[in-house]
Amino acid sequence: MSATTGKSDWRLMPENINARVTGVHESLLQESEKDVLWYRDNFLGKAHLNFLTPDSPRGPLAISIIKDGGTYKALVRSNMGADRLSVAANKVKRGAFRKLFGLQPTVDSIMAAMSYTAPIDYLKLCKDPNLPTELLSMEERQVIRSYKFGVEYVAAGQSTEEQCLYNLHDNASAAFKKFLTFLGETIELSGWRGYRAGLDVSGANNTGTHSVYTKWQNYEVMYHVATLLPFRQEDKQQLERKRHIGNDIVVIIFQDDRSTPRWLQVGLNAHWHHRVDVGLTGCDRPHNRLQFANKLGVPPFTPDIPDPPVIFSDPVSRDFFLHKLVNAERASYKSPSFAPKLSRTRSVLLYDIAVKFLG
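Okay, so let's go over this structure. It should be emphasised that the depicted structure is a prediction, and the values quoted were computed from it without experimental measurement.

Some points on the overall build of the chain
Helix and strand content of the chain: ten helices and 17 strands. Going through the 359 residues of the chain one by one, you find that 50% of them count as buried. Pairs at least 24 apart in sequence give 66% of the contacts found in the chain among residues at least 6 apart. Total accessible area computed for the chain in this model is approximately 17500 Å², and 52% of it derives from carbon and sulfur atoms. Side-chain charges of the chain comprise 45 positive and 38 negative groups, with the mean position of each set lying 6 Å from the other.

Comments concerning the packing of aromatic side chains
Here the structure, examined in full by the defined rule, presents 15 aromatic pairs. For the ring pair F97 and F101, a centre distance of 4.8 Å and an interplane angle of 45 degrees mean the geometry is tilted. Of the two residues, F97 and F101, both sit in the exposed class. Both rings, one in F292 and one in F301, keep their centres 6.1 Å apart while their planes meet at 75 degrees; by these two values the pair is edge-to-face. Judged by relative accessible area, which is 0%, F292 ranks as buried.

Description of unusual backbone geometry
The amide bond that connects T302 to the next residue, P303, takes the cis arrangement and shows omega of -5 degrees. With respect to the secondary-structure elements, P303 resides in the loop between β15 (288–295) and β16 (305–306). For N205, which is not a glycine, the phi torsion comes out positive at approximately 60 degrees. Mapped onto the secondary structure, N205 falls in the loop between β10 (185–188) and β11 (210–216). One non-glycine residue with positive phi stands out, namely Q217, at about 50 degrees. By the element assignment, Q217 lies in the loop between β11 and β12 (219–225).

Description of the nonpolar core
Core analysis: the biggest nonpolar cluster contains 42 residues, and L183, Y223, I252, F292 and F321 have the highest contact counts within it. Broken down by secondary-structure element, the contributors of at least two residues to this core are β9 (146–154), α6 (174–183), β11, β12, β13 (250–255), β14 (276–281), β15 and α9 (315–332). A total of seven residues in this core trace back to one element, the largest contributor, which is α9. Residues contacting F321, with those up to four places away along its chain left out, are F179, F182, L183, I252, V278, L280, L290, F292 and I311. Core analysis: the next-biggest nonpolar cluster, separate from the first, contains 20 residues, Y39, L136, V143 and F357 among them.

Focus: the side chain of S173
Within the element layout of this structure, S173 appears in the loop between α5 (161–165) and α6. We classify S173 as buried; its relative accessible area is 15%. A polar atom in the side chain of S173 sits 3.1 Å from the backbone nitrogen of F176.

Examining the sheet that holds strand β8 (residues 124–125)
Pairing is antiparallel in the open sheet, where five strands are placed in the order β7-β6-β5-β4-β8. The open sheet terminates on both sides in strands that have one partner only, identified here as β7 (81–88) and β8. In this structure, strand β6 (residues 71–78) lies alongside β7, joined through eight bridges in antiparallel fashion. Paired with Y72 across the two strands is V87, which belongs to β7.

Focus: the pattern of salt bridges
In this structure the tally under the stated criterion is twelve salt bridges. A salt bridge links E31 to K34, with the nearest nitrogen and oxygen atoms 3.4 Å apart. Taken as a pair, E31 and K34 lie in helix α1 (residues 31–42) at a separation of three residues, close to a single helical turn. On the basis of relative accessibility, which here comes to 46%, the residue E31 falls in the partly exposed class. In this structure, K148 and D248 form a salt bridge, with 3.0 Å as the shortest nitrogen-oxygen distance. Linking K148 in strand β9 with D248 in the loop between α7 (239–245) and β13, this pair joins segments that are 100 residues apart in sequence. The class of K148 is partly exposed, set by a relative accessible area of 22%. Among the residues examined, D248 registers a relative accessible area of 2% and is labelled buried. Each of E31, K34, D35 and R84 takes part in one network of salt bridges that share partners.

Overview of a nonpolar patch on the surface
A surface patch of nonpolar side chains, about 460 Å² in accessible area, is lined by F97, L100, F101 and L103. Positionally, L103 belongs in the loop between α2 (96–100) and α3 (107–113). Owing to a relative accessible area of 34%, L103 belongs among the partly exposed residues under this scheme.

Rules behind the numbers
- Per chain, residue numbering runs from 1 following the sequence as it is written.
- Local features in this predicted model are restricted to residues whose pLDDT is 70 or higher, and side-chain atom pairs enter the listing and the counts only when it is 80 or higher, whereas totals over whole chains, interfaces and linings include all residues.
- Excluding hydrogens and water, the side-chain values take into account all heavy atoms of the structure.
- Each helix is a run of DSSP H or I of at least 4 residues and each strand a run of E of at least 2, with the numbering of both proceeding from the N terminus.
- Exposed residues in this analysis have more than 50% of their type's maximum accessible area, buried residues have under 20%, and partly exposed residues fall in between, with area computed by a 1.4 Å probe over protein chains only.
- Two residues qualify as a contact provided that any one of their heavy atoms is within 4.5 Å of a heavy atom in the partner residue.
- For accessible areas, the Shrake-Rupley method is used with a probe of radius 1.4 Å. Any residue's cover is judged against the shown protein chains and nothing else.
- Positive charges are assigned to Lys and Arg, negative charges to Asp and Glu, while His and the chain termini are left out of the count.
- Here the site of a charge means atom NZ of a Lys, CZ of an Arg, CG of an Asp or CD of a Glu.
- Two rings from Phe, Tyr or Trp (for Trp, the six-membered ring) form a pair when their centres are within 6.5 Å of each other. A pair whose planes differ by under 30 degrees is stacked, one over 60 is edge-to-face, and the rest are tilted.
- Residues grouped as a nonpolar core are buried Ala, Val, Leu, Ile, Met, Phe, Trp, Tyr and Cys residues, joined through side-chain atoms within 4.5 Å.
- Here a polar contact means two N or O atoms within 3.5 Å. Within protein one must be a hydrogen donor candidate and the other an acceptor candidate, and residues neighboring in sequence count only if both atoms are side-chain atoms.
- Between any two strands, at least two bridges found by DSSP are needed for them to pair.
- In what follows, salt bridge is the name for a side-chain nitrogen of Lys or Arg lying within 4 Å of a carboxyl oxygen of Asp or Glu.
- Each patch groups residues whose relative accessible area exceeds 30% and which form no salt bridge, using 9 Å between like charges and 5 Å between nonpolar side chains of Val, Leu, Ile, Met, Phe, Trp and Tyr.

Structure (structure tokens):
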């Protein structure tokens, strides 16, 4: 299902009658984390070859190759990410000359056996013993270990983001405040030493006095709760609140009643480039109705939403919800707004390494 208004184009994520609210039963490792583990477990501290180029038809590249028993393994790093490849050694062709003198196959023979076309003529072998650690460090810098999510409160009768951002925390419903305890713990910002997501922790209270935070599956999560951010009576747009919420990729919109869902209208009126909005409707019932909507360009992501789409306040529902939030942000990185930026960042990192070690 899709919904369109003005320049905004959103899609409601469908419900799956076969889906269930469950805990986390799959690996939460990001691709960059898998690359780190692959290199650390299969290459680091072992004799292997590293090839670099700062410039090729595919941009900067760093390729690591190792023979592990009867298998060749390779990690190809490019601006698009990394490819983990392997092939049985007996599948790699060696010319008669190399066989005669007991030489290993060429790099292009290994890559060809892996069905991977690499610009071999541009690659240079680098034997610097410091390079493996540098490559590992580069991949570790790509790992995202902290997330920030926006939280907006839709009171009865409200249907625009401007109205929502004008809400005071003291006037918020008990259901909304209970929902915040479901998300995490309320922490005092002054002197806070954990992930702060751009919030002021100096004690000046420039971004409010408290926020909501949690640590989940070894990731830190800070919520930008609109009602806890500074309120300016004279500011009809509440720009201080919008400054934080507007930079959040995933925004949770809690609607206080179970009448016609208005949370989506709030999201539709927010003209952000690419984000995922999460709608929850709840009052005094023990469960909340859950919906996700994403701007077109954000690919689908798991776990699937069950039918009926309800979550309770138990630990399993919380795991399910946080799992969905984290995957929503990760899916957004693949959208047209974010993917090119991430690619450029990775290209710069690879280029800098190649120039540093090749001279």
